[in-house]
Amino acid sequence: DSGVTQTPKHLITATGQRVTLRCSPRSGDLSVYWYQQSLDQGLQFLIQYYNGEERAKGNILERFSAQQFPDLHSELNLSSLELGDSALYFCASSPRGPQNTGELFFGEGSRLTVL
Amino acid sequence: KNQVEQSPQSLIILEGKNCTLQCNYTVSPFSNLRWYKQDTGRGPVSLTIMTFSENTKSNGRYTATLDADTKQSSLHITASQLSDSASYICVGGDSSYKLIFGSGTRLLVRP
């Protein structure tokens, strides 16, 4: 158990809908990262937050947004869903700050299926 | 363009045998090289993290090597077990702390 909690574990929805994925980092970790893993693909970095502020952006679509709250949990919002958005979405947390990426601890992921 | 390439794409070995997975990286400026193990449908778990000054690091039956001159890394698994069946992901970190993930090597250990 990495200590990173993601909900929901599974989500099935229809095209055009909007979903919210939630992540609680390990106790004390200030950095949260979001990754997307499509079937048989590598992990694609989406976005990083540190202590409530956005610190780095990767290949995140405009239809996607995220935020980190004062209690350090983070949410990833996916809207106007398309079939190609079906994937595993992972959250990871790190005890290090944005200028020093230490070890990443991954959650178990949220599997999104868009029908 | 920063990228990480892994080989082979997949590998089948018999329980008890050793194997070596390869990783070639083009990450500049280079900072660190990581290996993760990912069980099917689960989150990746860190095996090793090496900076450019380290050339080998072990974690139990897993030994990673790093050659910063040739930009190659390998992960050697000794005396494989059925539980080693997983994807192994090589990750290059640059000095701006971005991580570049490889597509992984899928290992299947058969009894």
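These numbers were taken from a predicted model, which means no experiment stands behind them. (Residues numbered from 1 in each chain as written. Chains lettered and ligands numbered in written order. Predicted model: local features only at pLDDT ≥ 70, side-chain atom pairs only at ≥ 80, totals over all residues. Heavy atoms only, no water.)

**Let's talk about the overall build of chain A**
If you tally the helices and strands in chain A, you get zero helices and eleven strands. The helix and strand sequence of chain A, counted from the amino end, reads β-β-β-β-β-β-β-β-β-β-β. Taken over the C-alpha trace, chain A has a radius of gyration of 13 Å; the compact-globule value for 115 residues is 13 Å, and the two agree within 12%. With respect to the three principal axes, the spread of C-alpha positions in chain A is 40 × 30 × 25 Å. Counting all 115 residues of chain A, 48% fall into the buried class. If you sum the accessible surface of chain A, you get close to 5,600 Å²; carbon and sulfur atoms cover 46% of it. Each charge class in chain A can be summarised by its mean position, and for the 9 positive and 12 negative side chains these summaries are 2 Å apart. (Helix = DSSP H or I, 4+ residues; strand = E, 2+ residues; numbered from the N terminus. Rg over C-alpha atoms; globule rule 2.2 N^0.38 Å. Buried < 20%, exposed > 50% of the residue type's maximum accessible area, 1.4 Å probe, protein only. Areas by Shrake-Rupley, 256 points an atom, 1.4 Å probe, with all protein chains shown as cover. Lys, Arg positive; Asp, Glu negative; His and termini not counted. Charge placed at Lys NZ, Arg CZ, Asp CG, Glu CD.)

**Things to note about the pattern of salt bridges**
Tallying each qualifying case throughout the model produces seven salt bridges over all chains. With a closest N to O distance of 3.8 Å, Arg55(A) and Glu53(A) form a salt bridge. Owing to a relative accessible area of 48%, Glu53(A) belongs among the partly exposed residues under this scheme. Ionic pairing is found between Arg42(B) and Glu108(A), a salt bridge with its closest N-O pair at 2.4 Å. A residue pair is termed interchain when its members come from two chains, as with Arg42(B) in the loop between β4 (30–38) and β5 (45–51) and Glu108(A) in the loop between β10 (105–106) and β11 (110–114). For Glu108(A), a relative accessible area of 30% translates into the label partly exposed. Through salt bridges with shared partners, a single network forms among Arg63(A), Glu82(A) and Asp85(A). (Salt bridge = Lys/Arg side-chain N within 4 Å of Asp/Glu carboxyl O.)

**Structural notes on the sheet that holds strand β1 (residues 3–7) of chain B**
Residues and elements named next belong to chain B. Taken in spatial order, the five strands line up as β1-β3-β8-β7-β6 in an open sheet, and their pairing is antiparallel. At either end of the open sheet lies a strand with only one pairing partner, and these are β1 and β6 (56–59). When the angles between neighbouring strand axes are averaged without regard to direction, this sheet yields 15°. Sheet topology places β6 next to strand β7 (residues 62–67); four bridges connect them, and they run antiparallel. Residue pairing across strands places serine 58 opposite threonine 63, the latter belonging to β7. (Pairing = 2+ DSSP bridges. Axes fitted to C-alpha atoms, helices over the stretch in contact; angles between N-to-C directions.)

These figures come from the coordinates and say nothing about function on their own.
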